[in-house]
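Coordinate analysis (summary)
Below, each chain spelled out in residue letters.
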Amino acid sequence: MALLAVLVVPDERLKQVSQPIEYFDSSLRDFIQDLEQTMRAGPGGVGIAAAQVARFERIVIVDVSSKPNIKHHGRLVLINPEITQWHGMVQGREGCMSVPDYTGNVIRAQSIQLSAYDEYGQKQSYHCEGYEARAIQHEVDHLNGMLFLDRVVSRRTDLFRRKNYR
Ligand code: NI
């Protein structure tokens, strides 16, 4: 396994749209292991998209199980994810390994329905809410070349400089 280099703003590659996965083979699973290790080594460490390590394929990993008292599915590997339903709107604070110096307030759906393939090519569907739903929406944005900075409520009042991150 290997830690992968994470792109950080203002790297233009973060705006690239990622392509769907077609082959679910062992090289994909090897990459997912490296991607997961990179996520867990980072601060926060609750989600990562392949685009953040300059592999522009529709793969995200989310695991919010370290947060207390929330509903979650544990470790989620989401390949070619499609969010099909959005319910409610809620504002919350987000950070990102690719935006090390800031956090920001972003409005997201409170709950979502999604389908995705797992790393073995099996189609799965999930209902997610709260912090897990927020993390998934954030990571799926990366696959479309978007950062939370693009959705922050107001750059003037809802962007906050971090003191200690990394
Ligand atoms: Ni991010």
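Keep in mind that this is a model prediction, so the values were computed, not measured. (Residues numbered from 1 in each chain as written. Predicted model: local features only at pLDDT ≥ 70, side-chain atom pairs only at ≥ 80, totals over all residues. Heavy atoms only, no water.)

This part takes up the overall build of the protein. A tally of regular secondary structure across the protein gives 2 helices and 6 strands. Reading the secondary structure of the protein in the N-to-C direction produces α-β-β-β-β-β-α-β. Looking at the protein alone, contacts between residues at least 24 apart form 67% of all its contacts between residues at least 6 apart. Side chains of the protein give 20 positive and 20 negative charges; the mean places of these two sets differ by 8 Å. (Helix = DSSP H or I, 4+ residues; strand = E, 2+ residues; numbered from the N terminus. Contact = heavy atoms within 4.5 Å. Lys, Arg positive; Asp, Glu negative; His and termini not counted. Charge placed at Lys NZ, Arg CZ, Asp CG, Glu CD.)

Turning next to the nonpolar core. L78, I112, L114, Y126, C128 and I136 are the most contacted members of the largest nonpolar core, which totals 19 residues. Contributing elements (two or more residues each) for this core: β2 (59-62), β3 (76-96), β4 (99-117), β5 (123-129) and α2 (130-143). With residues near it in sequence (within four places) discarded, C128 still touches H73, Q110, S111, I112, L114, A133 and I136. Within the second largest apolar cluster, 14 residues are counted, among which are I21, I32, I48 and I79. (Core = buried A, V, L, I, M, F, W, Y, C linked by side-chain atoms within 4.5 Å. Buried < 20%, exposed > 50% of the residue type's maximum accessible area, 1.4 Å probe, protein only.)

Right, let's talk about helix α1 (residues 26-41) for a bit. Across its 16 residues, α1 extends 23 Å between first and last C-alpha, which sits within 8% of the 22 Å expected from 1.5 Å per residue. For α1, the set of buried residues is L28, F31, I32, D34, L35, E36, T38 and M39. Next to the buried residues of α1 lie β1 (47-49), β2 and β3. (Expected span 1.5 Å × (residues − 1).)

A two-sided burial pattern is seen for β2, the buried positions comprising I59 and I61 on one face and V60 and V62 on the other. Both β1 and β2 contribute to a ladder of 3 bridges, which runs antiparallel. Counterpart to G47 in the pairing with β2 is V62. Where β2 lies against β3, 4 bridges are found, and the strand directions are antiparallel. Among the inter-strand pairings, I59 is bridged to a residue of β3, identified as I79. (Pairing = 2+ DSSP bridges.)

Moving on: the pairing of β3. Sheet topology places β3 next to β4; 13 bridges connect them, and they run antiparallel. Counterpart to H87 in the pairing with β4 is S111. In this structure, the hairpin formed by β3 and β4 is closed by a connection of 2 residues.

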